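# Observations on the model geometry
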Amino acid sequence: MNANKTIQTRQLNNVGVEVFGFDINQPMSPELQAELRALWLEHAILVFRDQDITPEKQIEFSRIFGPLEMHPLKATTSDEYPELFVLENGGESDKYNTAYYDGEAIVNRLIWHMDLHYTGKPNRGALLRAVHVAEEDGLTGFGDLAKAYQALSPELKAKIADIEVAYTFEMQRIKWRFADNTGYKPGPFSPKKPSDVGFPDFADSIYPAVVTHPETGDKVLEIVEQFLDRVIEPEKVGMSTDEADDLLRELVAHTRKPEFHYWHDWRPGDMVLWDNWRAMHCTTGTRAGVKRLIHRTTIEGDHTLGRQL
Ligand SMILES: [Fe+2]
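One structure accompanies this document, and this report is about it. (Residues numbered from 1 in each chain as written. Predicted model: local features only at pLDDT ≥ 70, side-chain atom pairs only at ≥ 80, totals over all residues.)

All right, on to the environment of Asp229 then. By the element assignment, Asp229 lies in strand β15 (residues 228-231). Expressed as a C-alpha distance, the spacing of Asp229 and Pro194, which sit 35 residues apart in the sequence, is 17 Å. Ignoring sequence-local partners within four residues, the contact set of Asp229 consists of Ala166, Tyr167, Thr168, Arg177 and Asp204. (Helix = DSSP H or I, 4+ residues; strand = E, 2+ residues; numbered from the N terminus. Contact = placed C-beta atoms within 7 Å.)

Below is the structure:
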């Protein structure tokens, strides 16, 4: 039986869906490809489990959703497959990616963010595949910011309709103004400036607090705590700087509500695809020495949602 003739979905916890009755190694008709694209637009987060998948298949499958992008950092892509971005814990880069949380060393923990947000032109989406699963930890969280927008009160929707928000590209988490840094301490090799990890510097990126999704027309609350810095010219909408900061704190607290989140606990054979124009994500990281390997393919963004200052 061709598994792909009967694909179905199951609601995940809170947001996103699992697609089942699907086999990446079965033929994918144009109709099925269109159905997968429609599910991605509708739900923003798609989970596929028990897939027997090779790097070539991951690349081919990802292209259903758009042209693939090579990450600006060549050093982090696979030599053999430039389309694959390699996310590795338990390897040589750990020392730069280790920080302390309540005294415990954790590798690659990342707070809520959208990929390439700091460029003003986030990628369209991405697909993660579990290559080597950590025995514990290493969860990936996804947050639906279209649902977060819908859940705002009418008063708050009106208040943020005309504001713009700036994000400052800054390597030191302790300088992120709206991160919760309780219990956090950088590691001895945590990067201090972009060149420490081979990044160029980026000017501040500016986004409307509410971005209209270019393909679906959905309104997306464009508030992610990583790099979030300030409201642009709050006085123009009758707010003081302090009031603007309070507003951002309120919005960040809103995005942290569990009802907008799905937490993926990885098993071998898993793939997760998300809409990076609508969903934020984060990782819990792993304890020092734990091995974990994820391959990411990145779908190019063909719209500039923000702008650079
Ligand atoms: Fe990311």
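Take the sheet that holds strand β1 (residues 8-11) next. Read from one edge of the open sheet, seven strands run β1-β2-β3-β17-β8-β20-β4, paired in mixed fashion. Either end of the sheet is taken by a strand with one partner, and the two such strands are β1 and β4 (85-89). Taking each pair of neighbouring strands and ignoring which way they run, the sheet shows an average axis angle of 25°. As paired elements, strand β8 (residues 125-132) and strand β20 (residues 292-299) share seven bridges and run antiparallel to each other. Bridge pairing in β20 links Leu128 to Arg296. Here helix α1 (residues 30-43) sits on the sheet in contact with β1, β2 (17-20), β3 (45-48) and β17 (271-275), set at roughly 130° to β3. The sheet contacts of helix α2 (residues 55-62) involve β8 and β20, and relative to β20 the element is tilted by about 30°. (Pairing = 2+ DSSP bridges. Axes fitted to C-alpha atoms, helices over the stretch in contact; angles between N-to-C directions.)

With that settled, consider unusual backbone geometry. One non-glycine residue, Asn14, lies in the positive phi region at around 75°. As for its position among the elements, Asn14 is in the loop between β1 and β2.

Mapped onto the fold, Pro27 is located in the loop between β2 and α1. A tally of 10 C-beta atoms within 10 Å means that Pro27 is categorised as exposed. Separated by 202 residues in the primary sequence, Pro27 and Asp229 have C-alpha atoms spaced 47 Å apart. (Buried ≥ 20, exposed ≤ 12 C-beta atoms within 10 Å, placed from the backbone.)

What follows covers α2. Residues of α2 that are buried include every one of Gln58, Phe61 and Ser62, and no others. All buried residues of α2 project into a common sector of 95° when viewed along the axis, lining one side. On its buried side, α2 packs onto β8 and β20. (Arc of directions from axis to C-beta.)

Of all hydrophobic cores here, the largest spans 61 residues; its most connected members are Ile45, Leu145, Leu228, Leu273 and Trp274. The residues touching Ile45, leaving out its near neighbours within four places in the chain, are Val15, Gly16, Phe142, Asp144, Tyr262, Val272, Trp274 and Ala279. (Core = buried A, V, L, I, M, F, W, Y, C linked by C-beta atoms within 7 Å.)

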